[in-house]
Each structure stands twice: as structure tokens, then as C-alpha cells.
Amino acid sequence: MRRAGRRKTPSRTQRPEKSLFGKPFDGGKRMDHGGPPEPQQQPYYSQHPAMMKLYEVQKEVQSSLGPQVCTFSGLQNDREYKRLERELTRLLLEVDQVDTEGKPDLQGTRKRAAQEVEGLLRYLEENATHPSRLAIEELSNAARQLVEERVVAPQRAGGVSEITDELVDALQELVLRLTQIKTEGRVPLRKARYRALTRLCAVQDVLESRTQHQTLPLPLSGETHEAVHCINQVMVKVSVARSQLVALLMGLSGRDSCAHLSRILTELQVELDALDVSGNAAIRNYRKQVVEEINGLLKHLDLEGEGEDTRRYDLAQNNSIREIEAVRAHVSHLREGVLRHCAMGDLGFRPKAELQSLLTHLDQVDTAKNPCIREARRRAVVEVQAIITFLDLREALACRLTGPDEHPSHRAVWLVLGSLSDLQAQVLGFDGKRADKSYMILEEMLTKQLLALDAVDAQGDEMTKAARKQAVKFAQNILNYLDMKTDEWEY
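Residues numbered from 1 in each chain as written. Predicted model: local features only at pLDDT ≥ 70, side-chain atom pairs only at ≥ 80, totals over all residues. Heavy atoms only, no water.

Re the overall build of the protein chain
Phase 1 of the analysis: Looking only at helices and strands, the protein chain features 16 helices and two strands.
Phase 2 of the analysis: Within the protein chain, residue pairs in contact and separated by at least 24 positions form 76% of the contacts whose partners lie at least 6 positions apart. (Helix = DSSP H or I, 4+ residues; strand = E, 2+ residues; numbered from the N terminus. Contact = heavy atoms within 4.5 Å.)

Overview of the confidence of the model for the protein chain
In low-pLDDT regions, the fine details of the predicted coordinates are not to be read closely.
Phase 1 of the analysis: Averaged over all residues, the pLDDT of the protein chain equals 81, while 83% of them reach at least 70.
Phase 2 of the analysis: Considering only residues more than four positions removed or in separate chains, one finds that residues 1–44, a stretch of pLDDT under 50, has 75 contacts. (pLDDT = per-residue confidence, 0-100.)

Quick word on the packing of helix α2 (residues 79–96) against helix α3 (residues 104–128)
Phase 1 of the analysis: Running from N to C, α2 and α3 point in directions that differ by 165°, and their axes come no closer than 9 Å. In this view, α2 runs roughly antiparallel relative to α3, as classed from their interaxial angle. The interaxial crossing formed by α2 with α3 has left-handed handedness. The segment α2 lies against α3, with Y81, L84, E85, L88, T89, L91, L92, V95 and D96 engaging R110, A113, A114, V117, E118, L120, L121, L124, E125 and A128.
Phase 2 of the analysis: Grouping the amino acids of the contact of α2 with α3 by side-chain chemistry returns 13 nonpolar, one polar and five charged. (Axes fitted to C-alpha atoms, helices over the stretch in contact; angles between N-to-C directions. Parallel < 35°, antiparallel > 145°, perpendicular 65-115°, else oblique. Left-handed = near helix turned anticlockwise from the far one by under 90°. Nonpolar A, V, L, I, M, F, W, Y, C, P; charged D, E, K, R; others polar.)

What about the environment of T164?
Phase 1 of the analysis: For T164, the location among the structural elements is in the loop between α4 (131–156) and α5 (165–179).
Phase 2 of the analysis: Sequence separation between T164 and E208 is 44 residues, and the spatial gap between their C-alpha atoms is 9.4 Å.
Phase 3 of the analysis: Polar contacts involving the side chain of T164 include one to the side chain of R150, which spans 3.1 Å. (Polar contact = N/O pair within 3.5 Å; in protein donor to acceptor, adjacent residues only side chain to side chain.)

Focus on the pattern of salt bridges
Pairs may arise between side chains of opposite charge once their charged atoms sit close together.
Phase 1 of the analysis: The final tally for this structure, using the stated rule, is 22 salt bridges.
Phase 2 of the analysis: The partner of K352 in a salt bridge is D392, with the nearest N and O atoms 2.7 Å apart. One end of the pair, K352, is in helix α12 (residues 352–363); the other, D392, is in helix α13 (residues 371–399), and 40 residues separate them in sequence.
Phase 3 of the analysis: You can call D392 partly exposed: its relative accessible area is 29%. (Salt bridge = Lys/Arg side-chain N within 4 Å of Asp/Glu carboxyl O. Buried < 20%, exposed > 50% of the residue type's maximum accessible area, 1.4 Å probe, protein only.)

Here's the deal with the packing of aromatic side chains
Phase 1 of the analysis: Summed over the entire model, instances satisfying the criterion amount to two aromatic pairs.
Phase 2 of the analysis: Taken together, a centroid distance of 6.0 Å and an interplanar angle of 50° make the contact between F72 and Y81 tilted. Each member of the pair F72 and Y81 is classed as buried. (Phe/Tyr/Trp six-rings, centres within 6.5 Å; stacked < 30°, edge-to-face > 60°.)

Some remarks on the nonpolar core
Phase 1 of the analysis: Grouped together as the largest cluster of nonpolar side chains are 102 residues, with contacts concentrated most on L171 and V290.
Phase 2 of the analysis: Residue contributions to this core peak at twelve residues, all from helix α7 (residues 226–249).
Phase 3 of the analysis: If we ignore the near neighbours within four places in the chain, the residues touching V290 are I231, V234, M235, V238 and L272.
Phase 4 of the analysis: Within the second largest apolar cluster, 26 residues are counted, among which are V57, L106, A113 and V117. (Core = buried A, V, L, I, M, F, W, Y, C linked by side-chain atoms within 4.5 Å.)

Overview of helix α8 (residues 258–273)
Phase 1 of the analysis: Its 16 residues give α8 an end-to-end C-alpha distance of 22 Å, which sits within 8% of 22 Å, the value for a rise of 1.5 Å per residue.
Phase 2 of the analysis: Regarding α8, the residues found buried are C258, L261, L265, L268, Q269 and L272. Seen end-on, α8 carries its buried residues on one side only, within an arc spanning 100°. Exposed and facing more than 90 degrees away from the buried side of α8 are E267, V270 and D273.
Phase 3 of the analysis: Against α7 and α9 (281–298) lie the buried residues of α8. (Expected span 1.5 Å × (residues − 1). Arc of directions from axis to C-beta.)

Quick word on unusual backbone geometry
For residues besides glycine, phi is generally negative; the peptide bonds are generally trans as well.
Phase 1 of the analysis: For E101, which is not glycine, the phi dihedral falls at a positive 55°.
Phase 2 of the analysis: In this structure, E101 sits in the loop between α2 and α3.
Phase 3 of the analysis: Even without being glycine, Q459 reaches a positive phi, approximately 55°.
Phase 4 of the analysis: By secondary structure assignment, the location of Q459 is in the loop between α15 (437–455) and α16 (462–485).
Phase 5 of the analysis: The exposure class of Q459 is exposed, given its relative accessible area of 56%.

Here's the deal with the environment of D96
Phase 1 of the analysis: Summarising the element assignment, D96 is placed in helix α2.
Phase 2 of the analysis: Classification of D96 as buried rests on a relative accessible area of 0%.
Phase 3 of the analysis: Distance from D96 to R110, taken between C-alpha atoms, is 7.7 Å for residues 14 residues apart in sequence.

So, the environment of E118
Phase 1 of the analysis: Checked against the element boundaries, E118 lands in helix α3.
Phase 2 of the analysis: In this structure, the C-alpha to C-alpha distance between E118 and L92, residues 26 residues apart in sequence, is 7.3 Å.

Description of the packing of α4 against α7
Phase 1 of the analysis: Running from N to C, α4 and α7 cross one another at 140°; their axes reach a closest spacing of 10 Å. Between α4 and α7, the angle is such that the two are oblique. Two packed elements cross with a definite hand, and for α4 against α7 that hand is left-handed. In this structure, α4 uses V147, V151, V152, Q155 and R156 to contact α7, whose residues at the interface are S239, V240, S243, V246 and A247.
Phase 2 of the analysis: Among the residues forming the contact of α4 with α7, the class breakdown is six nonpolar, three polar and one charged.

Right, here's the structure in full:
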């Protein structure tokens, strides 16, 4: 094996991620289409055996291994990881064995080819061992253990799993923690988080539908009609299928498959359709209820390929997210206008009706029960409400009339509200990070206003007590809004 010293490859952070998505390289530069470089760029070496071999390696990286590496979302112990690592190592050995005959141009091309393969190897390892990827797996394992103990194991033992509010709440907590994991925009991490969220949300949906079913009246007696006995038997099979589905979604079933379970549920539907209910409305409604239960399970059986479609795990391409982002862009424009007019002392610019219409628009955005989309919508709503409360306080301060009979403590609360209004203007215009000095100053000033409110002695004045309580809530909302703007959340 020929090596001209150990190659120093650039760090992954310096390599543009797009270069790993199947785009050819030529001398470290991007090209617009595949295939070898233009002949005039390297007139002498373009047909050299060494160059042709490097082109073959390049083509395999661009057309096959590169895209696979850049969308792989598993861990190091996965079979697919080991296969990709093995294939890339093979390519690296082939590149090392290319005989450049000591020609500098061929040596440079070989070096760049090796760097590209090494970059893919490093990218593969970094994503599989990234702290966020390990955090996703840790939360997924916690969810699996919870579902195994509370749902799957009792059913396999011949008993009935009890779906409690405690279980539903525990799963919801895991969903929220998953949404808070940072992916740094990396496709493999986004994909892994999306797949984990999708399955866990599907389990939630299945269990919540089971909770609702437990509150329904008992099935009709078999003596009512012979069809009722058949429907009751189907209900028992549906209950078993529900636990099998939960096990499939959480990766706890080694025997069943989505296709097999889909066939079972479809056969149950056919069995129900064949029943003669003789025009009995009560039995017909009972059968309809069971059919709806089966349909509710069937809709979750297409998750085997979930997350492979970029449009699904890349929420930047989601239509609901696009709607939310369009609203946020409009809100940003209105916020700039509000701050600009307030700085000039002009209170005439009050786009409150427009802001209220944006809230209505956000309320109509379809989240499809996706926790990331729900959180994105919530944050957009908070941004709109922050501007509305700022305008309301500015108007209240401008219209406030003071008199000699005003209680001193009440006046003190209003003085703090005036300071909070100025600070809120700064918070609305803040566009930095928590490590910034300006953030720390704002946080400290807001905390001081809270302390000033705590120091106000209402002296038994009910109006002062109410005003102080409202001012405290207002200050805390500003702090929460500042935290939200700087928590680096991503969908």
C-alpha cells in the first residue's frame, strides 16, 4: 500500500454538507453536473489509468455511498452502519493503491479523492455518535421500556393492559423532551428525531383511543342478535391487535410485521362487513364503532418507511411550517414598524387588528398532531401576543391620569410598569444569544423590576394589590419571552 505521509483532512465543520450529497468534485471545487471534468481542464491526464480509477471511485461516492451516508440515521452497532463503513474503507484502500507515477497533478487528485472518502467516514461516525443522536436513542429506549412494562408484557401474559393517565402523561413528557433535542440542521439527526417522534406520537394516539374505548358502554349482549356475538369476538381480536401494533411501533416485536398485522385487521373488516345485522340500528352502530377502531389502527401501519421521505422529516418543507414562517415574517415586519414609531414617540401606528387576524390564522394551522409543528405554532402565537401586550401597555401609560388622591404604592407600581415598557421594547428588538452581554443586562434589569415590585407595600389598598399582581405577571412574561427568543429551538 502506497502512502506519501498521513493525509491531513479538513475538519467536518469546514466541509460543506452539500458536497456529500452526490455532487462531483474537481480539485476540491464543486461542479454543476456529474461525470469527469472537462477535457480542457486536464488535457494530458484525463485518460490516464490512475485518473480513470479515481473517476470510478468518485462516481461510486456520488451516486451511491454519499447519499446513503448523508441520510443514515442509525447507530454504530446497526448493520447498515457497518456495511457503509466497510464500503468506504474499501474505497479508501482502492484510492491508496492508485499509482500516480510520482506526477504532482495525479497525486493532488488522489489526495482530494481520499479526503472525500475520509470525510464521509468521519461524517458517518460523527452522526452515529453525536450527543443528540445518543439522547434520541436514550429517550426512545425509555419509551420502549415504559410501553413494554405497561402495555405489551401484560397482553402477552394473557392479561389486559391498563391504560392510565399516568402512562399517557409519561409518554407525553418523553415526546416533549424529544422535541427539545437539537439537531444542528444535520439531516441524519433530524431524520432520527422525526422517526422517534412519529412512532411515539402514533403510540400515544393508539393508547388514547384505547382510553376513550374503556369509557364506552359495555358491548351489546350476544342474546340480542347472533351478529353481536361475532362482533364481540372481533373486539377481542382488535384488542390483541392493538397491543401488537404498539409493540411494532416501539420495535418490541420480533415476530410480527406491519404487513401481517394489516392483513389480520383487513380480514376482521371483511368479517364485519359480511355480518347480517337485519336493519337493527343499535347493532349497526356497534359494528360501525368497531370498524372505526380497526381503521384507527390501520392508519398507523405505514410507518415502516416513515422518515425516508425528506418532505416529512425536514419540516422546513412542511406546508404548515411554511404557513407559520410566513406569519412570523409578517409579525417581524409589524414589530419593526411598532418599535420604529414608538422610538419617534408616535402612538398612532397600532396594527392590533392585523395582529389579531394573524392569531386567528395561526389557530387554523393544521398541526397534524405533530409536536414540533404545535411548538412552532405556539412560539409564533407568543410573538404576536408580545407585541399586542406591548401596545396595550404603551397606550395605558399614555392615557393614564394621575391625581393628588392616588395611593403612593399604586403610583410606584405604575412607575415600574413604565420601566418594564421600555425594557420590553428592548426585548422585542433583541436578536442575540444568551451568552451576549446585552442579554445578561436585559435579564438583570428585568429581575430588578421584579424586586422593585416585591418591595412595594400595598398598605391594604386593593387596587394596588391587583396592579402589582398584574405587573409581576407582565414582567415574568417578558422574561419568558426573552428566554424563548434565545433558547435556540428548532423544528
